[in-house]
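Analysis of the macromolecular model
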Amino acid sequence: MTQATIARVVVPKPSLAHEVRATLVVWEREMIRFQRDPARVVSSVVQPLLFLFVLGGGLGALVQAGTGGVDFLSFLFPGVLAMSVLFTAAFAGISMVWDREFGFLREMLVAPISTTSILLGKCLGGASVATIQSVVVLVLAGLVGVPYDIPMMLELLALLFLMSFMITALGLVLASRVKQVQSAMPLVQMIITPLMFLSGALFPLSRLPGWLTVVTHLNPMTYAVEPVRAVVFARLTISPEARAILDPGIWWGSYQVPVWMQVGVVIVSAAILLFAAVKLFARTE
Amino acid sequence: MDGSSMGAEAAVEVRGLVKRFKAVEAVNGIDLSVRTGETFGFLGPNGAGKSTTIKILCTLVDATEGSARVAGFDVATERDAVRRSIGLVFQEPTLDGYLSADQNLRFHGELYGVDRSTAVARRKEVLDMVGLYERKDDLVQTFSGGMRRRLEIARGLLHSPKVLFLDEPTIGLDPQTRASIWQYISELHRREEITVFVTTHYMEEAENCDRIAIIDQGKIVALDTPAALKAGIGKDRVQIATADDAAAIVALKDRFELEARMVEGLVTFSVADGAAFVPHLFEKLGIAIRSVAVNRPSLDDVFLNFTGTSLRDAEAKGRFNPMAAASRGR
Ligand SMILES: Nc1ncnc2c1ncn2[C@@H]1O[C@H](COP(=O)(O)OP(=O)(O)OP(=O)(O)O)[C@@H](O)[C@H]1O
Ligand SMILES: [Mg+2]
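Note that this is a predicted model, so its numbers are computed, not measured.

1. Concerning the overall build of chain A
Scanning chain A from N- to C-terminus turns up 12 helices and two strands. Going from the N terminus to the C terminus, chain A shows its helices and strands as α-α-α-α-α-α-α-α-α-α-α-β-β-α. In terms of overall dimensions, chain A is globule-like: its C-alpha atoms have a radius of gyration of 21 Å, near the 19 Å expected for 285 residues. With 285 residues in all, chain A has 53% of them scored as buried. Taking the intrachain contacts of chain A between residues at least 6 apart in sequence as the baseline, contacts between residues at least 24 apart amount to 79%. For chain A, the exposed surface amounts to about 12300 Å²; the carbon and sulfur share of it is 72%. Charge-centre separation for chain A: the mean point of 18 positive side chains lies 10 Å from the mean point of 14 negative side chains.

2. Quick look at the layout of surface pockets
A volume near 1100 Å³ is recorded for the second largest pocket. Taken together, 38 residues line the second largest pocket, and the ones lying closest to its centre are Arg33(A), Arg40(A), Ser95(A), Trp98(A) and Tyr98(B). Among the elements that take part in the lining of the second largest pocket, helix 3 (residues 72-94) of chain A stands out by supplying seven residues, more than any other. Here the lining of the second largest pocket is built from residues that sort into 15 nonpolar, 11 polar and 12 charged.

3. Digging into the domain arrangement of chain B
For chain B, the domain assignment lists domain 1 (12-224) and domain 2 (235-296). The C-alpha centroid of domain 2 of chain B is placed 41 Å from the C-alpha centroid of domain 1 of chain B.

4. Details of the coordination of the magnesium ion (ligand 2)
Residue and element names in this part refer to chain B. Protein coordination at the magnesium ion (ligand 2) comes from Ser51 (OG) and Gln91 (OE1), with a distance range of 1.9 to 2.1 Å. With Ser51 in helix 1 (residues 50-57) and Gln91 in the loop between strand 6 (86-89) and helix 3 (101-111), this residue pair connects regions lying 40 residues apart in the sequence. What makes Ser51 buried here is its relative accessible area of 17%. Judged by its relative accessible area of 9%, Gln91 is buried.

5. Re the pairing of strand 1 (residues 10-20) of chain B
Residues and elements named next belong to chain B. The pairing of strand 1 with strand 2 (residues 25-35) spans eight bridges and is antiparallel. Note on strand 2: the bridge partner recorded for Val12 is Val34. Here strand 1 folds back onto strand 2 in antiparallel fashion, the turn holding four residues. Relative to strand 4 (residues 65-70), strand 1 runs antiparallel, the two sharing five bridges. For Val14, the partnering residue across the bridge sits in strand 4 and is Ala68.

6. Some remarks on the side chain of Thr242(B)
Residue and element names in this part refer to chain B. You can see Thr242 is positioned in strand 11 (residues 236-242). Residue Thr242 is classed as buried on the basis of its relative accessible area, which comes to 4%. A distance of 3.3 Å separates the side chain of Thr242 from the backbone oxygen of Asp244, its partner in a polar contact. Apart from residues no more than four positions distant in its own chain, Thr242 is found in contact with Ala248, Ile287, Ala288, Ile289 and Arg290.

7. What about the side chain of His108(B)?
For His108(B), the position within the fold is in helix 3. With residues up to four places along the chain from it excluded, the contact list for His108(B) reads Glu107(A), Arg155(B), Leu158(B) and His159(B).

8. Notes on the sheet that holds strand 12 (residues 261-263) of chain B
All names here are of chain B. Read across the open sheet, the four strands follow the order 12-13-11-14; overall the sheet is antiparallel. Both outer strands of the open sheet, strand 12 and strand 14 (289-295), are each paired with one neighbouring strand and no more. Along the sheet, successive strands turn relative to each other by an average axial angle of 35°, direction set aside. As judged from the six bridges shared by strand 11 and strand 14, these two strands associate in the antiparallel manner. Across the sheet, the residue bridging to Gln239 is Ala293, located in strand 14. Sheet contacts for helix 9 (residues 245-256): strand 11, strand 12 and strand 13 (266-271); angle to strand 13, the most-contacted strand, approximately 15°. Along the sheet, helix 10 (residues 274-284) contacts strand 11, strand 13 and strand 14; its crossing angle with strand 14, the most-contacted strand, is approximately 165°.

9. Digging into the sheet that holds strand 2 of chain B
Residue and element names in this part refer to chain B. Reading across from one edge, 2-1-4-5 is the order of the four strands in this open sheet, with antiparallel pairing throughout. Here the strands that pair on one side only, and so sit at the sheet edges, are strand 2 and strand 5 (73-74). As judged from the two bridges shared by strand 4 and strand 5, these two strands associate in the antiparallel manner. Within strand 5, the residue paired with Arg69 across the bridge is Asp74. Contacting strand 1, strand 2 and strand 4, helix 1 runs over the sheet at an angle of about 120° to strand 1.

10. Focus on the UniProt feature "transmembrane region" (unreviewed entry) in chain A
All names here are of chain A. Residues annotated in UniProt with the feature "transmembrane region" (unreviewed entry) correspond here to residues 41-63, 75-98, 119-144, 156-175, 187-205 and 259-282. End C-alpha atoms of residues 75-98 are separated by 37 Å, and the span's content is 96% helix alongside 0% strand. The distance from the first to the last C-alpha atom of residues 119-144 is 37 Å, and the span holds 77% helix and 0% strand.

11. Description of the environment of Gly253(A)
Residues and elements named next belong to chain A. By the secondary structure assignment, Gly253 is in the loop between strand 1 (250-252) and strand 2 (255-257). Looking at Gly253, the relative accessible area reads 67%, which means it is exposed. Between the C-alpha atoms of Gly253 and Thr116, which are 137 residues apart in sequence, the distance is 37 Å.

12. Details of empty space enclosed by the protein
Under the counting rule described, the total for this entry stands at four cavities of 30 Å³ or more. There is about 80 Å³ of room inside the largest cavity. Taken together, 14 residues form the lining of the largest cavity, with Glu107(A), Val110(A), Leu88(B), His108(B) and Tyr112(B) sitting closest to its centre. Of all the elements, strand 6 of chain B adds the most residues to the lining of the largest cavity, at four residues. Classifying every residue of the lining of the largest cavity gives six nonpolar, five polar and three charged. Its boundaries defined by the atoms lining it, the second largest cavity holds a volume of some 60 Å³. Every residue lining the second largest cavity is listed: Val25(A), Glu28(A), Arg29(A), Ile32(A), Leu99(B), Gln103(B), Arg106(B) and Phe107(B). Contributions of two or more residues to the lining of the second largest cavity are made by helix 1 (16-35) of chain A together with helix 3 of chain B. Looking at the lining of the second largest cavity residue by residue, the class counts come to four nonpolar, one polar and three charged.

13. Let's talk about a nonpolar patch on the surface
Judged by side-chain polarity, Val42(A), Val46(A), Leu50(A), Phe53(A), Val54(A) and Leu143(A) come together as a nonpolar surface patch covering roughly 550 Å² of accessible area. Among the structural elements, Leu143(A) can be located in the loop between helix 6 (115-138) and helix 7 (150-177).

14. Regarding helix 8 (residues 181-197) of chain A
An ideal rise of 1.5 Å per residue puts 24 Å on 17 residues; helix 8 of chain A measures up with 25 Å between its terminal C-alpha atoms. Where helix 8 of chain A is buried, its residues contact helix 2 (38-63), helix 3, helix 4 (96-101), helix 7 and helix 10 (220-233) of chain A.

Cut-off values and rules
- Residues numbered from 1 in each chain as written.
- Chains lettered and ligands numbered in written order.
- Predicted model: local features only at pLDDT ≥ 70, side-chain atom pairs only at ≥ 80, totals over all residues.
- Heavy atoms only, no water.
- Helix = DSSP H or I, 4+ residues; strand = E, 2+ residues; numbered from the N terminus.
- Rg over C-alpha atoms; globule rule 2.2 N^0.38 Å.
- Buried < 20%, exposed > 50% of the residue type's maximum accessible area, 1.4 Å probe, protein only.
- Contact = heavy atoms within 4.5 Å.
- Areas by Shrake-Rupley, 256 points an atom, 1.4 Å probe, with all protein chains shown as cover.
- Lys, Arg positive; Asp, Glu negative; His and termini not counted.
- Charge placed at Lys NZ, Arg CZ, Asp CG, Glu CD.
- 1 Å grid on protein atoms, 1.4 Å probe; cavity = no way out; pocket = protein on both sides within 12 Å on 5 of 7 lines; lining within 4 Å.
- Points joined across faces, edges and corners; volume = space filled by probe spheres on them.
- Nonpolar A, V, L, I, M, F, W, Y, C, P; charged D, E, K, R; others polar.
- Domains from an automatic or database assignment.
- Donors = N, O, S within 2.8 Å, 3.2 Å for Na, K, Ca; no water.
- Pairing = 2+ DSSP bridges.
- Polar contact = N/O pair within 3.5 Å; in protein donor to acceptor, adjacent residues only side chain to side chain.
- Axes fitted to C-alpha atoms, helices over the stretch in contact; angles between N-to-C directions.
- UniProt positions renumbered as here; feature names shortened; annotations may be inferred.
- Patch = residues over 30% accessible without salt bridge, like charges linked within 9 Å, V, L, I, M, F, W, Y side chains within 5 Å.
- Salt bridge = Lys/Arg side-chain N within 4 Å of Asp/Glu carboxyl O.
- Expected span 1.5 Å × (residues − 1).

The structure is reproduced here in structure tokens:
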């Protein structure tokens with residue numbers, strides 16, 4: 001050809017660098033869409049704040065006797081932090097249903113890259129967005145008697161990121177099965193609400209009836225919430241007795257699960273969910 | 001583009017392709033070979049199996065039987081190599097309305113690993129080509145249907161594919177926009193060495209292709225250049241309106257030995273040298289004639305000839321399928 005073909009490009013052979021670029025651009029898309037939609041931040045922190053100040057304030061007077069002098073709001077704070085990322089992350093995952101509906105999923109799935117890279121980008125995006133939102137709740141720490149401690153804040157953000165990653169992956173698994181936009185939201189509500197209530201986010205895991213103990217211990221969210229509470233409680237001045245009631249830790253029989261292992265459970269759950277989502281998405285188009 | 005620049009290896013090579021969905025044989029034994037550098041048209045009514053064939057060729061759907069190679073790679077076993085070699089514009093839109101035009105292209109470039117140093121220039125080039133460079137920072141949401149279609153074509157070209165698949169690129173567009181899209185396609189051939197595989201159910205558009213395959217109910221019923229297909233018919237199409245159409249059809253059979261049928265509400269038949277035949281018609285038909293139209297054979301006649309229905313009637317009578325209609329509705 002003699003015609004001036006400008007800027008001719010070559011699609012490279014598969015490489016890790018290429019996969020990383022794909023993951024990053026999927027992540028970037030989530031960030032762009034988040035940044036275009038500030039209303040989302042406001043609307044998704046309203047519910048956690050209601051729980052914290054209205055439910056917490058209302059029940060506080062009632063339960064104060066049983067908390068060993070600890071402000072009930074301080075107790076609730078870690079759980080509400082978890083709540084603040086939960087729905088956002090789940091929606092980030094389930095948003096794949098809209099991507100399918102509007103065709104963009106096809107643009108992604110037909111590209112010469114692995115499904116894993118795409119879904120990984122989606123999870124990182126969902127986790128980033130959810131974690132950024134949780135900052136709105138985090139800055140209220142002072143109001144509920146939790147100190148502004150920088151290392152604590154950073155640890156919390158890291159834990160919330162991990163939790164959101166896992167929940168986004170769960171959202172992706174759901175999205176692979178749901179074909180209709182109308183059923184996506186109700187399904188998220190149906191799955192996420194029990195996960196939240198059965199995680200110890202809103203009440204201590206001590207002194208639960210037997211069946212509830214079993215269910216909470218099978219819920220991966222429990223292992224994501226408990227480290228968040230442990231990090232906050234480490235900065236509170238609190239009597240050992242009160243701590244034993246409010247933050248008893250997670251016990252497998254007589255074995256107390258250490259925090260690092262709880263984090264490990266979350267990482268493994270996230271990996272399993274992501275892997276499942278990859279398998280399911282590869283099969284559904 | 002002249003014949004000499006066409007490579008020896010076929011750009012698309014399909015052998016005995018079959019795709020069965022539960023009850024439907026969407027593709028029913030297709031063989032074809034598209035030369036490198038040509039514009040190949042795939043023409044057929046709704047539900048003929050055009051989109052299904054394209055989805056198999058672009059590795060999105062597995063064939064039930066048969067094999068296909070695109071740009072020299074097998075669609076079943078060398079999926080990624082095929083994907084690196086092709087550009088796609090699906091029948092249904094696949095843009096992100098919440099991103100700007102340029103961001104949609106950037107996303108695509110990153111997914112395809114387009115070299116960052118040339119990416120910016122390339123984005124400008126393809127946007128210029130479809131006349132959207134000025135609008136590059138606007139959200140796709142705000143684009144008209146025609147602009148979106150043009151943007152999708154630009155995106156399909158971004159990574160310099162060897163084969164570009166366009167599934168009904170002009171669906172739902174006004175005639176002017178349709179014409180401009182075909183202009184881009186021919187422009188493309190001037191500028192890049194690319195094979196274009198395009199489906200349409202507009203006959204006029206098929207005329208723009210180097211060769212066309214007519215597909216009906218999952219089978220290829222004819223495959224040649226538009227000129228050769230029309231010449232193969234060798235007859236003109238005559239359409240008349242009469243006082244008594246049923247009697248006219250009988251009379252045509254009895255007095256001229258012509259097979260006529262009703263097409264689009266007119267008595268229609270094919271005859272060699274139609275213009276010279278008209279005087280005989282008036283003289284001998286014996287039924288009042290209200291109007292006469294004589295046409296050189298069109299691709300529509302080719303279609304009629306091979307499938308027994310006119311393309312428009314096939315669509316109106318609706319081998320209409322809700323699946324295709326629903327997926328187009330998006
Ligand atoms: N996923 C599917 N499941 C079941 N049947 C399908 C599926 N996809 C296509 N079909 C059927 O296969 C046949 C061919 O469909 P296809 O979309 O390939 O037609 P087409 O030629 O592209 O038609 P159109 O001009 O309407 O786009 C139709 O009968 C359709 O209902
Ligand atoms: Mg189609």
